[in-house]
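Below, each chain spelled out in residue letters.
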Amino acid sequence: IDNDGIHSSLERSATVFLSAGLHPISIEWFNGPADYELALDYTGPNLPRGRVPDSVLYRTELDPVGGTNRLVPGLNYRDYEGAWERLPDFSQLPILKHGAITNFSLQVRTRDTNVGLAFSGYFKALRDGRYTFWLKSDDGSKLYIGDHPLQLTQLGKAALPSPRMILPGQFASEELECQWAEMEGQITRIGEVYSGISAE
């Protein structure tokens, strides 16, 4: 769920199918110069809408006896400070504070304004089915469930290749998939599909 940017309290939602078991979950949040808020609600098979409870959140920690990672209740968090208009790449910033917490809470922030938090852990889906999540924040936030977002590293600079020209209605063969293409025409309708958007 992308709820990024400078804005007052705003809620966005998305639905995803999850198999029963543990799934990586993370929330990134920041606040600018004014009020702050963060809340995550959900609903699932035979579950009414409500706040995501502590009982379905887990994190890993190093077992001091065995020296291996073990699963324990809660989430890991990292705290950052800075003035941003959109969520920054927290991995490139110094961590001012970190630790464990039972849920997505702003109590661990180091200050009220110009601050950011990154939470990570696992969400336990109790059964197979469709789960809807509502992410509410002031200012920006993003929720990831499943694989963590792709991290990109710039290796150098080069000119972009020329796009392939395609015609409206042209069949795209497998060779054209995931390639940059260009087309001219007038768009009359845009719709949302599973893998992105469709335009007509």
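For clarity, every value in this text was computed on a predicted model and none was experimentally measured.

The rules behind the values
- Residues numbered from 1 in each chain as written.
- Predicted model: local features only at pLDDT ≥ 70, side-chain atom pairs only at ≥ 80, totals over all residues.
- Heavy atoms only, no water.
- Pairing = 2+ DSSP bridges.
- Helix = DSSP H or I, 4+ residues; strand = E, 2+ residues; numbered from the N terminus.
- Axes fitted to C-alpha atoms, helices over the stretch in contact; angles between N-to-C directions.
- Salt bridge = Lys/Arg side-chain N within 4 Å of Asp/Glu carboxyl O.

Novice: Explain the sheet that holds strand 11 (residues 129–138) residue by residue, including any values.
Specialist: Reading across from one edge, 2-11-4-5 is the order of the 4 strands in this open sheet, with antiparallel pairing throughout. What marks the edges here is a single partner per strand, and that holds for strand 2 (10–18) and strand 5 (47–51). The sheet shows a mean angle of 15° between the axes of neighbouring strands, direction not considered. Of the strand pairs in this sheet, strand 4 (residues 37–44) and strand 5 are connected by 3 bridges, and their pairing is antiparallel. By the bridge assignment for strand 5, G44 is matched with L47.

Novice: So, the pattern of salt bridges: which residues are in play, and what are the values?
Specialist: Under the definition given, this model contains 9 salt bridges. Between R51 and D41 there is a salt bridge whose closest N-O contact spans 2.7 Å. Of this pair, R51 sits in strand 5 while D41 sits in strand 4, and the two are 10 residues apart along the sequence. Across the salt bridge formed by E61 and R59, the nearest N and O atoms sit 3.1 Å from each other. Linked through salt bridges whose partners overlap, the residues forming this network are E11, D41, R49 and R51.

Novice: Please set out the pairing of strand 6 (residues 57–62) residue by residue, giving values where relevant.
Specialist: The sheet contact formed by strand 6 and strand 10 (residues 115–125) spans 2 bridges and is antiparallel. Along strand 10, the bridge assignment pairs L57 with F123. In this sheet, strand 7 (residues 69–73) lies alongside strand 6 in antiparallel orientation, the contact comprising 5 bridges. Paired with R59 across the bridge in strand 7 is V72.

Everything listed here is a matter of geometry and, on its own, says nothing about what the molecule does.
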